[in-house]
Amino acid sequence: MPTLLAPLFGSWRSGTLRTLATHVATWAFATLIVLCATGLIVGAVPVDRLPAPLLMALGIVVVSHLAATCASHVLQSAGTAPAVAREWASWLVTTALWLLAAAPLWLGPLADLGAHTGSAPTAIAAASPLVHIALAAEQDLLRTEWFYAHTSLGALQFEYPTLLAVGIAYLGGAAGLAVLCFLLSRSVPLAARPPDPPARPKEHAR
Amino acid sequence: MKRLALMTLALTLASAPATQAAESMDPQLKEKARRAIDGGLNFLRAQQAEDGSLSKSVGITALALRGFLESHRGYNEADGPFVTRPVEFIVSKVNPDGSISESLQNRSYNTAVALVALAATKNPKYADVIANGQKFLKGHQIDEGEGYQKDHRYYGGVGYGGDERPDMSNLYLAVEGLKATATDPKDPVWEKALVFVNRSQNRSESNDQAWAANDGGFVYMPGWNPPEFGGKTDSYGGMTAAGLISLLFAGVDRNDPRIQSAYQWMTANYTLDVNPGTDAKHGLFYFYNAFAKVMAAYGEDEFTDAKGQKRNWRNELAQKLISLQAADGSWVNADSNKWWENNPQLVTAWTVIALEHIVR
């Protein structure tokens, strides 16, 4: 799965050694983060319980790639150069992914304010891809020692989404994004096509 | 049958000192407390869903069921659907691993309180469910089975059930569930529990952790309190009550220095306005519930507080709880939403149980 993240972070056909080194370092760092997150969440889970969280992580990666592709098409349609559009889209999607993953942390105070209705804490927990992976690993992530110490969600009344609901959301999201990608890609070639050469002046008959 | 007899004996012995001691309570106040219990039970009955559940939670349903079964009205399954439906709901949530829970995240908590409720039915029909629930709790306790050695600070503890982080609160509930269902006093679960209990007490003579102070009170888990209480290792009321109950139910003698120092902390820091040892109202009703249980189990109606004032905890706690009851018979923590205390069904169930320990 970390390998699948690599294409998000730049073309391997980059012109300079420096750019390539940056891309490789970024890829390695991203891989390390994913491995650490997986290790933290999966932890001492027996090997036979690994497939579910790994499958969930794969779903997250696929949806991320599709989202990045759509974003790239949109940027190119607006006139951005393809390589720049791809890079911007990659960073946009990656940032969104990390913000969602960390939602239980930075949205904790909001959860506190909305706790009387019960819906805010539940919604925030449901929005985090990290929670989805933990759900698949049968881990109560928000009550583990670190999260319990750093987010108020563990002390509030909320419900985790069901695995089925999360699975359907990712499948539906992937399908929707795939269709969107296809539709957007049809508009990109027109916008990205170089302008027609100027018409050659007609030769006058002698 | 033998198990049922043992359970009945266990429940009787647990309440015996309290029955005698409750005679020191003001009779008029006792009557008001009973009416407050009735009001709370009426509220809970009106809140039940079609399937007898409350908040679709095994835990809250079981606490409410316990409230009905242990009340001065002597309700039992013969009294109607308001008892039988919650029982059916709870039993319908039995899992293959023996836990009794609708969700992963509160498996241990739910199983523990469900065991107490099912034991209170005194119906031998649930003996197998109870036995499997006990097995689950003992298996969930952190020990060599989870790869932890005795020197780890988690050892002997019990958590919520969705992860391995144990805490004093869930341990006390598990201990209460095992005690109410007559778990063998020689079972290793008790000795292991005491390892965790010792490590959660601010008493350096019995706590081998470097952070331990010496005021005798308890913290949430070895070396840590929730951020709501500062995140450090200051003793506070809810956990001191939990720790004291755990010591008593694990069979430690009342004169043991661990119990005496915890009791002294409790009486020296006594207040019903905030969670003792803090200036916050987080977990306040949890404290009221645990405090009533532990003081009833300890067996003293009166004590002298830090200012030299004599206090009758039954009268004072009853007055406090009655004053906080809403017109519809419910209770809720209006000052804090932590640990679900903004849920009137949960808080009413806790408070009814607390009042029942006061008047018993």
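Model, not experiment: these values are computed from the prediction. (Residues numbered from 1 in each chain as written. Chains lettered and ligands numbered in written order. Predicted model: local features only at pLDDT ≥ 70, side-chain atom pairs only at ≥ 80, totals over all residues. Heavy atoms only, no water.)

1. Quick word on empty space enclosed by the protein
Residue and element names in this part refer to chain B. Applied cut-off: Of the grid points, spaced at 1 Å and generated over the protein atoms alone, those admitting a 1.4 Å probe that cannot get out make up cavities, while open sets with protein on both sides within 12 Å along at least five of seven lines make up pockets; any residue with an atom within 4 Å of a point is treated as lining. Grid points are joined across faces, edges and corners, and a volume is the space filled by probe spheres set on the points. Numbering of helices and strands runs from the N terminus, with a helix taken as a DSSP run of H or I at least four residues long and a strand as a DSSP run of E at least two residues long. Lys, Arg, Asp and Glu make up the charged group, whereas Ala, Val, Leu, Ile, Met, Phe, Trp, Tyr, Cys and Pro make up the nonpolar group; the residues left over, Gly among them, are polar.
Overall, the coordinates contain three cavities of 30 Å³ or more when judged by the stated rule. Estimates place the volume of the largest cavity at around 350 Å³. Along the walls of the largest cavity sit 27 residues, with Tyr109, Tyr160, Tyr286, Trp339 and Trp350 positioned nearest its centre. Put simply, the parts of the chain that give the lining of the largest cavity at least two residues each are α3 (58-69), α5 (107-121), α7 (168-180), α9 (237-249) and α13 (344-359). In terms of residues, the lining of the largest cavity owes the most to one element, α3, which gives three residues. Of the residues assigned to the lining of the largest cavity, the class counts are 14 nonpolar, 11 polar and two charged. A volume near 40 Å³ is recorded for the second largest cavity.

2. Side note on the interface of chain A and chain B
So the rule is basically this: Should any heavy atoms of two residues lie within 4.5 Å, those residues are considered in contact. Take the accessible area each of two parts loses on contact, using a 1.4 Å probe, and add the two losses: that sum is the buried area. Put simply, a salt bridge is a Lys or Arg side-chain nitrogen that is within 4 Å of an Asp or Glu carboxyl oxygen. In protein, a polar contact means a hydrogen-donor-capable atom and an acceptor-capable atom, both N or O and within 3.5 Å, with residues adjacent in sequence counting only if both atoms are side-chain atoms; elsewhere, any N or O pair within 3.5 Å suffices.
Counting residues at the interface gives 18 residues for chain A and 20 residues for chain B. By the criterion of area lost to chain B, the three top residues of chain A are A:Arg143, A:Glu145 and A:Tyr148, representing 39% of everything that side buries. Scanning the region where chain A abuts chain B turns up two salt bridges. Across the salt bridge formed by A:Glu145 and B:Arg153, the nearest N and O atoms sit 2.6 Å from each other. For the interface between chain A and chain B, the tally reads 13 residue pairs in polar contact (both at pLDDT 80 or more). At three residues, helix α9 (residues 145-150) of chain A tops the list of elements feeding residues into the side of chain A that touches chain B.

3. Examining a nonpolar patch on the surface
All names here are of chain A. Where we set the bar: Residues enter patches when they are more than 30% accessible in relative terms and free of salt bridges; like-charged ones are connected within 9 Å and nonpolar ones (Val, Leu, Ile, Met, Phe, Trp, Tyr) within 5 Å. Using a 1.4 Å probe, accessible areas were evaluated by the Shrake-Rupley method; residue-level cover was limited to the displayed protein chains. The cut-offs for exposure are 20% and 50% of the maximum accessible area for each residue type, with area from a 1.4 Å probe on protein chains only; residues under the lower value are buried, those over the upper are exposed, and the others partly exposed.
A cluster of nonpolar residues, Leu55, Leu58 and Val62, forms a patch on the protein surface that exposes about 250 Å² of accessible area. Counting through the fold element by element, leucine 55 comes out in helix α3 (residues 51-77). Residue classification places leucine 55 among the exposed positions, given a relative accessible area of 60%.

What is shown is where atoms sit, not what they do.
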